[in-house]
Amino acid sequence: MTIQQPVEPVPPTSGGRVAASTSTSSRGTRILGFAVLAGLVALVIFGVFISPPDAELGETIRILYMHVPTVSAAYVAFVVTAIASGMYLWRRSEFWDLLGASSAELGVLFFALTIFNGMMWGKITWGVFWRWEPRLTTTTVLFLTYLGYLAVRQVPSNVRTRGTVSAVIGILAVVNIPITHKAVDWWRGLHQEKTIFGTVDPDMRGTQLFTAYLALVVFLGLFVWLLIHRFRLAWLTERAEDRGLDTAIAERRAEA
Amino acid sequence: METTPVVRLRDAVAVVGRFPALAGVDLDVDAGEIVLVRGPNGAGKTTLLRMCAGLVPIVSGSAEVLGVDVVASPAAVRRRVGLLGHATFLYADLTVEENLAFWTRAAGARRADGRAALDRLGVPERVHGLAVRSLSTGQRRRVSFAAMVARRPELWLLDEPHAGLDASGRDIVDSLIGDAVAAGATVMFASHELDRAEDVAHRSVTLAGGVIAGTATGPDASDRPDPIEGAAG
Amino acid sequence: MIRDAALVAGKDLRLEWRSRVGIGQVLPFAVLCVLLFAFALDPDRNILERATAGLFWMIVLFAAVLTVQRTFAVEGDDGVLDALRLSGLSPASIYLGKVAALIAQLVVLEVVLAVAMAVLYDTTFRGWLLVAGIAGLATLGIAGAGASYGVVGLRLGGAETLLPLLLLPLLAPVLIAATRGFDIAFGRAAGPGWPWAALLGIFAVVYLGLGAILFRPLMEDA
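Model, not experiment: these values are computed from the prediction.

When helices and strands are tallied, chain B shows 7 helices and 10 strands. For chain B, the spread of C-alpha atoms along the three principal axes comes to 45 × 40 × 40 Å. Relative to its full complement of 233 residues, chain B shows a buried share of 52%. Contacts in chain B between residues at least 24 apart in sequence constitute 69% of all its contacts with a sequence separation of at least 6.

Laid out in structure tokens, this is it:
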């Protein structure tokens, strides 16, 4: 996503032309990117080598270091989408529309990662890829819900309709999160043994706890970095379309 | 004396999908005027009328209809205009009577207004109980017109009002337009039937390539050289 | 506003009666599902009676998707959607009218379905108060959410295939709560049934409220 020449960051709220910028990176994102990269390296070292196996979970706690942050990042993403949806319906600015859509894409990505490493954990611990335990089930339902959001954005329509419809779906979907949680927890929580999926295990000590928090910080940083790039990409795409519109207007007038 | 124009467009650009159907329209229409919108197919006449009805947004420029900014409050505009389009705006499976009853009550008009409008448009009683689906095109057009007329809109936006009607129907349309203006409404209509339309209209504007390319007033309009003739389109 | 909503609901139901899609197509579809599940799950294995609650609500959800599609498909022809936007009816009253018409159709569906299952699966419906409460609240929620997503499909230019993908994941908690509630009512599961009803009630209130508010931007925008 980066090219050779350093370029000014695209100010997200400006409505002006972005003639010179052909890259979505900036000094800010490069610094953040390096920090995240360093964090990931540190995480691998701590997660795989330094932190000890857990008393209850054994080596599988290492998957937890990734699992909790991915689901947390996904929830952050959907909260961002919900807020952006509300702001779009209020203010009708392109910024909120693109922010909501970019965030939702990342949310779906992180949900997919969560489900995937949840299944990995399950295979190791239970011997099967799937068990109907609350967190995994809820995540899958929400994953499908937001896939619907992405599907809506793919349908060809004019920009304003797409923005309005996406914003409405964003709000309706986020409201369903606590309700689904409650329903699934009541339902599965009665039968299943409580698994460690969920919050950071309070019994973690020392290096384990440190690694868990490090993972959370690193993944949230990764999410922010991805969000900035994805947003700028969407922004530049819209600017390119705008320029296409000016050409189209000129051609249209020439019909006369 | 009213000085606010009923329709006031400045450099209005309207986009359908990504296509700029209106590429910068400037237009003023005063209260009580009858304005004919002419132009070749694809010029943007339908979009212009729909935009004035508040159904198509503009992406740049300004549009004020009946004193209301169409971008800021489209709903306030919509309930005061009447649109006759290419679609019937009727529920095909409901009868003529049921359609009129629904649309008049939705607009806050009385059922009697609906019946009176049907009579005015020459829709015979025996047809009132038939489903719209089983009517001929011309009859459906009359019913659509009646549904619009019954609401007594302040601004009439008619997309080819004479199309699909027989001779008596066209006469009715002309007299309806005259009566509406006499009662204080304003009429903007698009038509390809230039002879007839220019008799009715106070003035005409020509739309081409998404912009207003010319304007003419009075019955002499047909004598002016048509700037569109021979151009691509 | 109530009067306008009643006007819209009356129009919808009259259209439905005229075209007979609900009666002629959706109800037979539901009964067909009852049969098909019997073929799939084998009546001799004692599964059908135990699974009644789940199968009931699954069929209701599928039929609800069809009903919602139909309710909004009629607004897609002949420019009628534009006419509604021009009509002066407030979006909230159009929404409530649509919801009311959906509820009426869903209630008919549920009654017919219950009868079919009582006969074919030999189920005894017990705990009538809880059953009625659960079914009523679930139906409110389904209609409320369905009306919102139905108009989304309409605004996107008839993307009907999208509706199941949008609506069904959203209704997952309704399915869970309604099925558990029914199981408890039938005496097949232990525990209090009213918490499930409360959850359904919350869902219904939230989605009806949001639906009424959000209908405006969906209708207003061109």
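In this complex, chain C contributes 19 residues to the contact, which on the side of chain B involves 25 residues. Secondary structure elements with two or more residues in the side of chain C that touches chain B: helix H1 (2–19) and helix H4 (80–86) of chain C. Per element, the largest residue contribution to the side of chain C that touches chain B is 6 residues, and it comes from H1(C). Residue composition of the side of chain C that touches chain B, grouped by class: 7 nonpolar, 4 polar and 8 charged.

Moving on: the pairing of strand S8 (residues 186–190) of chain B. Residue and element names in this part refer to chain B. For S8, a buried count of 5 out of 5 residues is recorded, marking the element as mostly surrounded by other parts of the structure. Residues Thr186, Met188 and Ala190 point to one face of S8 and Val187 and Phe189 to the other, with burial holding for every one of them. Both strand S7 (residues 155–159) and S8 contribute to a ladder of 5 bridges, which runs parallel. Its bridge partner lying in S8, Leu157 is registered against Met188. Crossover connection from S7 via helix H6 (residues 167–182) to parallel S8: handedness right-handed.

This brings us to the sheet that holds strand S1 (residues 7–16) of chain B. If you trace the 4 strands from one edge of the open sheet to the other, you get S2-S1-S4-S5 (chain B), paired in antiparallel fashion. In this open sheet, the two strands that pair with only one neighbour each are strand S2 (19–29) and strand S5 (68–69) of chain B. Packing against the sheet, helix H6 (residues 206–254) of chain A makes contact with S1 and S2 of chain B, and its axis sits at approximately 60 degrees to S2(B).

Next up on the list: the domain arrangement of chain B. Residue and element names in this part refer to chain B. According to the domain assignment, chain B contains domain 1 (1–80 + 153–219) and domain 2 (89–148). Of note, the centres of domain 1 and domain 2, computed from C-alpha atoms alone, are 24 Å apart. Contact residues are listed per partner, giving 8 residues for domain 1 and 8 residues for domain 2.

Moving on: the confidence of the model for chain B. All names here are of chain B. Looking at chain B as a whole, the pLDDT averages 84, with 92% of positions reaching at least 70. Mean pLDDT values for the elements of chain B range from 79 in strand S10 (residues 211–217) up to 93 in S7. Confidence over residues 220–233 falls short of pLDDT 50; this stretch has 20 contacts with residues more than four positions distant or in other chains.

Attention now moves to the interface of chain A and chain C. The partner chain C presents 26 residues to the 25 residues of chain A that form the contact. At the level of secondary structure, the elements contributing two or more residues to the side of chain A that touches chain C comprise helix H4 (134–154) and helix H5 (159–189) of chain A. In terms of residues, the side of chain A that touches chain C owes the most to one element, H5(A), which gives 16 residues. Of the residues that constitute the side of chain A that touches chain C, the class distribution is 16 nonpolar, 7 polar and 2 charged.

Parameters at a glance
- Residues numbered from 1 in each chain as written.
- Chains lettered and ligands numbered in written order.
- Predicted model: local features only at pLDDT ≥ 70, side-chain atom pairs only at ≥ 80, totals over all residues.
- Helix = DSSP H or I, 4+ residues; strand = E, 2+ residues; numbered from the N terminus.
- Buried ≥ 20, exposed ≤ 12 C-beta atoms within 10 Å, placed from the backbone.
- Contact = placed C-beta atoms within 7 Å.
- Nonpolar A, V, L, I, M, F, W, Y, C, P; charged D, E, K, R; others polar.
- Pairing = 2+ DSSP bridges.
- Right-handed = clockwise from strand over helix to strand, strands pointing away.
- Axes fitted to C-alpha atoms, helices over the stretch in contact; angles between N-to-C directions.
- Domains from an automatic or database assignment.
- pLDDT = per-residue confidence, 0-100.

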